Number of protein chains: 2
Amino acid sequence: MKYLLVLLFAGLTTVAQTKKEQLHLMPWPQNVVLNDGNFTLDKNFKVNITGNPNSRIFGGVTRFLRRLDGRTGMFFEQGFIAKLNEFPSASLQINCDKNGKIGLYEDESYHLEIKQNKIILNATSDLGALHGLETLLQLLQNNATSFYFPNSQISDFPRFTWRGLMIDVARHFQPVDVIKRNIDGLAAMKMNVFHWHLVDDQGWRIETPKHPKLIELASDGMYYTQEEIKNIVKYADERGILVVPEIDVPGHGSAILTAYPEIGSKVMTLTGGTSEKNIQGTAIVTYGIERNAGIFSPTLDPSNPKTYQLLSELFDEVCPLFPGSYFHIGGDENEGKDWDANPKIQEFKKKHNLATNHELQTYFTMQLVPMLKKHGKQLMGWEEIMTKDMTKDAIIHSWKGANEGVPTGQSLINAVKNGYKTVLSNGYYIDLVLGVDSHYLNDPMPAGVSLSTEEKARILGGEATMWTELVTPTTIDSRLWPRTAAIAERLWSAEEIKDVANMRKRLETVSFRLEELGLTHIRNKAVILRNILNNQNIQALDEFSNVCEPLKGYSRNKDGTEYQMYSPFTLFADACTPDAKDVIPFDEAVNQYLATQSPENKAKVAAFLSKWVVVNKELIQLSHNAPLLQPILPLAEKLSNASEQLLLFLDNKQTLKITDLKNLIEACNTKDHADIELAVYTSLKKLIEKV
Amino acid sequence: MKYLLVLLFAGLTTVAQTKKEQLHLMPWPQNVVLNDGNFTLDKNFKVNITGNPNSRIFGGVTRFLRRLDGRTGMFFEQGFIAKLNEFPSASLQINCDKNGKIGLYEDESYHLEIKQNKIILNATSDLGALHGLETLLQLLQNNATSFYFPNSQISDFPRFTWRGLMIDVARHFQPVDVIKRNIDGLAAMKMNVFHWHLVDDQGWRIETPKHPKLIELASDGMYYTQEEIKNIVKYADERGILVVPEIDVPGHGSAILTAYPEIGSKVMTLTGGTSEKNIQGTAIVTYGIERNAGIFSPTLDPSNPKTYQLLSELFDEVCPLFPGSYFHIGGDENEGKDWDANPKIQEFKKKHNLATNHELQTYFTMQLVPMLKKHGKQLMGWEEIMTKDMTKDAIIHSWKGANEGVPTGQSLINAVKNGYKTVLSNGYYIDLVLGVDSHYLNDPMPAGVSLSTEEKARILGGEATMWTELVTPTTIDSRLWPRTAAIAERLWSAEEIKDVANMRKRLETVSFRLEELGLTHIRNKAVILRNILNNQNIQALDEFSNVCEPLKGYSRNKDGTEYQMYSPFTLFADACTPDAKDVIPFDEAVNQYLATQSPENKAKVAAFLSKWVVVNKELIQLSHNAPLLQPILPLAEKLSNASEQLLLFLDNKQTLKITDLKNLIEACNTKDHADIELAVYTSLKKLIEKV
């Protein structure tokens with residue numbers, strides 16, 4: 001109340017006209033027109049809903065009000081909204097023509113009009129209205145004393161119908177609250193698919209009461225109950241998001257085979273004792289939950305009728321939990337080693353005229369199609385499922401690229417040309433901790449390939465993938481956000497929206513706003529740094545983290561064995577993130593200085609270098625009480641050494657030979673310390689490139 | 001791996017002898033002996049378990065290993081522990097004689113012995129062993145390069161058997177993850193009771209499938225499913241914690257009566273229309289979920305058989321969810337207004353010879369005893385349930401004190417003298433946001449009262465209470481922690497452990513370590529400050545928050561109406577906490593200066609004052625883009641004005657008359673701004689007291 005009075009009195013000051021660059025919208029809408037004037041918020045702000053929406057709109061509007069009130073401290077009078085046409089005179093009028101259906105191809109468009117005293121949000125379905133509310137929240141502006149929306153007209157709709165995020169909960173289990181807050185993040189970014197990778201070598205995460213061995217033996221007690229799954233599916237539905245479950249078969253089978261070794265492919269020749277006649281001198285091996293990262297051989301036996309019996313029963317248990325029309329069966333990275341070594345499987349191949357393991361896998365996958373169809377589900381799988389015999393109903397999930405030695409997105413082009421629908425994940429592997437620009441510029445629509453309208457239409461969209469070998473509940477948000485927001489823009493906005501600098505600027509605000517959903521990508525960094533420093537002041541280490549990035553790709557975890565699933569992920573590399581904060585500002589300062597060597601431009605570069613010298617000194621001090629800081633010191637020292645000499649160099653006072661200075665800088669180009677790399681190395685190098 | 005190698009090489013440096021003041025243990029154990037030497041940690045550290053423990057020890061040890069590994073980055077080889085005697089040669093040997101029973105009076109003692117190469121943890125039950133593991137984690141020391149435990153012998157056991165925390169989830173619903181992380185906090189502090197206040201005027205939070213109206217009409221969709229409740233009870237059990245549920249009746253009844261108005265006490269005289277004959281010219285009113293804070297009149301009708309029918313059915317549904325032996329039925333703050341105004345109830349009183357409303361309430365409560373007994377539960381209630389007719393089986397929860405106009409703890413003394421067991425909460429109301437010292441020095445054993453051994457034995461212990469009128473999932477941890485740790489020490493440690501300064505020092509470390517459990521009491525402050533500042537740099541506002549505290553008692557929410565349950569709790573008062581960080585250091589600087597006016601001592605005081613002048617300037621700058629900062633500015637200015645003049649005063653350069661300077665300081669003694677107060681006011685005043 002007290003707050004409000006102050007604001008009301010102060011709110012009389014004039015409000016400047018908003019410019020498009022001030023709008024930190026993401027994904028950028030298809031059409032934005034800014035008009036003169038504003039809609040100023042006050043505590044009487046209310047929302048009214050009309051039309052025929054799904055009841056999810058009530059929760060959506062209630063959450064919208066709480067978030068807006070939380071940002072502005074308005075103390076809105078309106079509490080919970082539970083009825084149509086409750087406040088006919090409300091300033092925000094929402095109308096939806098119809099009940100939005102969760103899934104593909106639903107009309108998600110909306111039209112938002114903001115006028116001096118009225119805001120009108122029209123949408124075909126409540127799904128569009130929810131998107132419109134997110135845009136409205138992003139439109140919020142303020143001056144010193146008041147909050148307002150700029151008068152404007154926005155027409156918006158998505159470019160692609162599949163805008164997804166996959167989270168792997170097998171490598172590192174992610175509790176319900178982690179999933180929920182990230183679903184909120186997806187909704188805020190107008191994404192509409194949550195692909196839940198529930199099973200892999202490292203764990204089976206679904207309670208299946210008719211097959212209790214799976215969680216008893218293969219989950220370490222970390223799994224979702226059926227009720228929790230239903231609850232998450234409902235939570236996602238309320239936010240307009242389809243949940244696509246994945247049970248990865250026939251490879252990545254360690255967890256399933258830990259519970260059911262009898263359907264595994266591996267055979268072991270018996271060297272003694274009595275072998276049972278019917279397995280001809282071989283015995284089935286046992287399996288264990290995998291603790292490392294990598295590609296492993298445990299694979300289901302496609303020649304064994306029991307395999308299909310079990311999978312059929314499991315689908316009968318799992319499918320009813322997910323009302324959506326798609327079920328992902330994985331199908332990736334099956335090496336076929338155990339198949340090759342199993343005489344019975346080889347015989348089966350011959351008998352069924354299956355020339356290759358790939359054809360054998362297709363045979364396997366085809367058996368799953370009717371099991372899923374029975375529950376009204378279409379099969380989806382990673383690109384390996386695609387062969388000439390695969391049903392055209394299947395959705396091909398394209399993931400391989402240069403890393404896997406194939407042309408980027410080739411499987412996507414093959415898929416659409418062969419009549420399959422497809423979703424792109426190659427280029428959206430956010431677990432690789434690459435910079436945001438690489439994902440942002442990766443378009444599902446392949447460049448330089450001529451596709452027919454029908455073929456283009458089969459490209460459903462894309463999906464960011466969060467594999468969790470190196471990610472815990474504490475760090476996952478900082479690996480997901482804000483980069484996933486840039487992928488959301490690629491999938492929603494027009495193809496020509498691709499100015500990286502502009503995106504970065506908006507992304508900073510978007511990242512900040514995502515905090516209000518409970519996402520921890522910003523706040524948890526300090527937690528990790530405090531732990532490293534034994535509760536000493538984190539400022540110096542925080543500064544250092546602004547120029548350090550975790551090793552990219554999978555190089556942090558060499559051969560997948562340095563980090564087990566239960567290793568500590570409380571290290572400096574876990575606090576660091578891609579797109580380290582000072583990297584671009586420093587590079588810009590260097591570029592400006594190289595263009596014009598003015599005292600101001602020199603001072604900007606020198607400020608960074610001086611800071612890094614101080615940081616190193618402070619870290620040495622802090623390290624006296626922080627063993628976890630020791631592995632970081634050599635890199636801080638290398639940066640400090642180079643910075644000291646570069647400071648002298650900028651002042652033409654260097655005494656070092658230029659080759660020695662170059663060596664100091666080159667020393668910063670290392671991956672030898674603490675699983676991090678210095679992300680300012682290339683900019684440092686530029687400074688002396690022309691010498 | 002890389003980390004480890006560095007540590008191993010560096011670990012050869014000598015380790016200084018640990019002193020008792022370096023041990024930041026809390027609650028302080030009953031007996032601590034420090035010996036020469038240390039047990040140095042390395043990656044081969046392993047744990048072995050023997051004896052007859054409950055299987056909860058396996059999870060407990062696994063969590064212990066992960067926390068220790070997270071703090072030290074050791075990359076322990078041992079992953080999950082699931083069997084007895086798995087590593088007979090392990091360096092940490094745990095032996096438990098028996099399966100610990102969750103509840104009162106269980107043997108929770110443990111004996112911990114740390115030697116150069118061996119750690120032995122012996123406990124009667126696994127509950128004691130879990131406590132011992134927490135002590136071991138708190139014993140962790142380090143130098144620059146290695147982590148170690150000091151050689152020592154610790155014998156420990158609790159002083160009181162009931163060491164509880166109550167969380168109110170009715171005023172502000174607290175999701176499952178909030179409850180779980182706080183249960184972890186309780187376990188870390190060796191507390192053993194979680195009292196779950198599940199029902200109040202503002203909501204019914206328990207799924208009761210046979211009475212679906214309760215959650216449909218009276219929960220705003222915010223409730224725990226039966227499975228979630230069972231899951232939390234199991235989670236608590238695994239951590240040695242008893243869950244005591246509370247359904248608050250017959251007062252605080254708005255939520256129940258929203259669903260079942262027919263059992264309410266209020267009558268409304270009909271002024272027109274047709275009244276039904278059987279209610280004699282009166283009609284039953286309807287009720288709604290309460291949105292404000294305070295004491296409200298909606299009360300169950302004790303004269304109506306339907307009341308008992310419903311409660312009996314509800315206990316039948318709810319009791320089986322909680323295996324513990326206690327059920328809290330509330331019973332507090334029944335004003336009896338609606339009873340007085342209801343002729344039927346008055347008649348009932350007469351008929352049953354119940355002279356007062358208090359006796360009528362006892363009549364009501366006595367009806368619940370057999371309903372609970374049926375499920376093997378003892379009744380517990382707030383002190384109002386105690387009258388001469390109340391069963392001696394009931395546990396009296398003492399909560400009133402000076403605030404309520406009664407002598408502190410009087411009901412506790414009355415209870416034990418009358419043969420009741422009792423638990424103290426008066427003095428442990430952490431929602432009042434008072435300083436930690438007041439709670440710490442509040443002993444369940446009343447001073448200056450002569451009690452027999454039997455009477456003393458009836459004092460079971462105490463319970464911190466977290467009412468949530470002003471607390472959201474984002475802020476609750478900062479209201480609970482670290483102060484609850486000091487209460488935990490009061491309830492566990494010896495009576496004579498009460499040095500406040502010593503406790504404060506240990507509490508700082510304890511608070512930091514609680515972060516590793518996911519508690520957000522430290523990290524979420526920055527989140528709120530960023531929101532206030534529109535993502536500008538929070539440093540100045542963070543500094544200001546170190547001298548500001550939220551208004552104490554219930555004065556922030558005048559008459560309970562300024563904040564509704566859905567008001568924004570994203571304000572500066574929500575970021576501020578009791579025991580603001582700079583208050584004691586500044587007071588110490590002032591005291592030192594007043595004792596000895598040396599230049600050093602003057603400089604210490606001046607450093608604070610100068611900082612606050614700068615903070616004010618920076619806040620003004622920041623406020624140009626932060627409407628939520630406006631209400632805070634006047635207070636920052638007042639502190640700055642007083643500080644500027646005090647700086648001159650310290651240098652004998654003041655031009656202001658001393659009365660004007662006193663006025664400037666007095667201006668800092670205000671509660672008029674942003675629901676906060678300046679916690680350094682009294683120290684400022686001291687500086688000129690003698691002038």
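All figures in this text were calculated on a predicted structure; none of them were measured in a lab.

**Focus: the packing of helix 2 (residues 56-72) of chain B against helix 3 (residues 126-139) of chain B**
All names here are of chain B.
Part 1: For the pair helix 2 and helix 3, the least separation of the axes is 10 Å and the interaxial angle reads 5°. Our classification of the angle between helix 2 and helix 3 gives roughly parallel. Contacts between helix 2 and helix 3 involve R56, I57, G60, V61, F64, R67, L68 and R71 on the former and, on the latter, D126, L127, A129, L130, L133, E134, L136, L137 and Q138.
Part 2: Split by residue class, the contact of helix 2 with helix 3 holds 10 nonpolar, 2 polar and 5 charged.

**Some remarks on the relation of the copies chain A and chain B**
Part 1: Placing chain A over chain B gives an RMSD of 0.0 Å and needs a rotation angle of 180°, together with 0.0 Å of translation along the axis. The superposition of one copy onto the other is thereby described by a two-fold rotation axis. Scanning chain A for the C-alpha nearest the rotation axis identifies R523(A), at a separation of 2.9 Å.
Part 2: The fraction of interface residues of chain A whose copies in chain B are also interface residues reaches 100%, indicating that both copies meet through the same surface.

**Topic: the environment of K558(B)**
All names here are of chain B.
Part 1: Secondary-structure assignment places K558 in the loop between strand 19 (548-550) and helix 20 (572-575).
Part 2: Look at K558 and you get partly exposed, because its relative accessible area is 48%.
Part 3: Sequence separation of K558 and T468 is 90 residues, and the distance between their C-alpha atoms is 15 Å.

**Topic: the packing of helix 4 (residues 176-188) of chain A against helix 6 (residues 226-238) of chain A**
Residues and elements named next belong to chain A.
Part 1: For the pair helix 4 and helix 6, interaxial distance at closest approach is 10 Å and the crossing angle is 15°. It follows from the interaxial angle that helix 4 and helix 6 lie roughly parallel. For the element pair helix 4 and helix 6, the recorded crossing hand is right-handed. On helix 6, the residues that touch V176, I179, K180, I183 and D184 of helix 4 are E228, N231, I232, Y235 and A236.
Part 2: Classifying every residue of the contact of helix 4 with helix 6 gives 6 nonpolar, 1 polar and 3 charged.

**Focus on the nonpolar core**
Part 1: Formed by 97 residues in total, the largest nonpolar core has its most connected members in F45(A) and F544(B).
Part 2: Residues I167(B), V199(B), A488(B) and L514(B) belong to the second largest nonpolar core, which totals 96 residues.

**Section: the UniProt feature "domain: Beta-hexosaminidase bacterial type N-terminal" (unreviewed entry) in chain A**
Part 1: Under the UniProt annotation, the feature "domain: Beta-hexosaminidase bacterial type N-terminal" (unreviewed entry) is placed at residues 24-156 of chain A.
Part 2: From the first C-alpha to the last, residues 24-156 of chain A spans 16 Å; its make-up is 23% helix and 36% strand.

**What about the pattern of salt bridges?**
Pairs can form between side chains of opposite charge whenever their charged atoms are close.
Part 1: Evaluated as defined, the whole model comprises 80 salt bridges over all chains.
Part 2: In this structure, the salt-bridge partner of R181(B) is D477(B), at a minimum N-O distance of 2.7 Å. Separated by 296 residues along the polypeptide, R181(B) in helix 4 (residues 176-188) and D477(B) in helix 15 (residues 476-480) bring together distant segments of the chain.
Part 3: With a relative accessible area of 0%, D477(B) lands in the buried category.
Part 4: Where D437(B) meets R504(B), a salt bridge forms, and the shortest distance between an N and an O atom there is 4.0 Å. With D437(B) in helix 13 (residues 436-440) and R504(B) in helix 17 (residues 500-514), this residue pair connects regions lying 67 residues apart in the sequence.
Part 5: Each member of the salt-bridge network shares a partner with another, and the members are R67(A), R71(A), E134(A) and E516(A).

**Looking at the interface of chain A and chain B**
Part 1: Each partner contributes to the interface: chain A provides 66 residues, whereas chain B provides 66 residues.
Part 2: The junction of chain A with chain B conceals about 5,500 Å² of combined surface from both sides, 58% of it contributed by carbon and sulfur atoms.
Part 3: One can count 2 salt bridges joining chain A with chain B.
Part 4: Across the salt bridge formed by E515(B) and R530(A), the nearest N and O atoms sit 2.7 Å from each other.
Part 5: Applying the counting rule to chain A against chain B returns 26 residue pairs in polar contact (both at pLDDT 80 or more).
Part 6: Every element with two or more residues in the side of chain A that touches chain B is listed here: helix 1 (2-10), helix 2 (56-72), helix 6, helix 17 (500-514), helix 18 (523-532) and helix 20 (572-575) of chain A.
Part 7: Across the side of chain A that touches chain B, the residue classes break down as 26 nonpolar, 22 polar and 18 charged.

Reading the values: rules and limits
- Residues numbered from 1 in each chain as written.
- Chains lettered and ligands numbered in written order.
- Predicted model: local features only at pLDDT ≥ 70, side-chain atom pairs only at ≥ 80, totals over all residues.
- Heavy atoms only, no water.
- Axes fitted to C-alpha atoms, helices over the stretch in contact; angles between N-to-C directions.
- Helix = DSSP H or I, 4+ residues; strand = E, 2+ residues; numbered from the N terminus.
- Parallel < 35°, antiparallel > 145°, perpendicular 65-115°, else oblique.
- Contact = heavy atoms within 4.5 Å.
- Nonpolar A, V, L, I, M, F, W, Y, C, P; charged D, E, K, R; others polar.
- Least-squares fit on C-alpha atoms with pLDDT ≥ 70 in both.
- Buried < 20%, exposed > 50% of the residue type's maximum accessible area, 1.4 Å probe, protein only.
- Left-handed = near helix turned anticlockwise from the far one by under 90°.
- Core = buried A, V, L, I, M, F, W, Y, C linked by side-chain atoms within 4.5 Å.
- UniProt positions renumbered as here; feature names shortened; annotations may be inferred.
- Salt bridge = Lys/Arg side-chain N within 4 Å of Asp/Glu carboxyl O.
- Buried area = accessible area lost by both parts, 1.4 Å probe.
- Polar contact = N/O pair within 3.5 Å; in protein donor to acceptor, adjacent residues only side chain to side chain.

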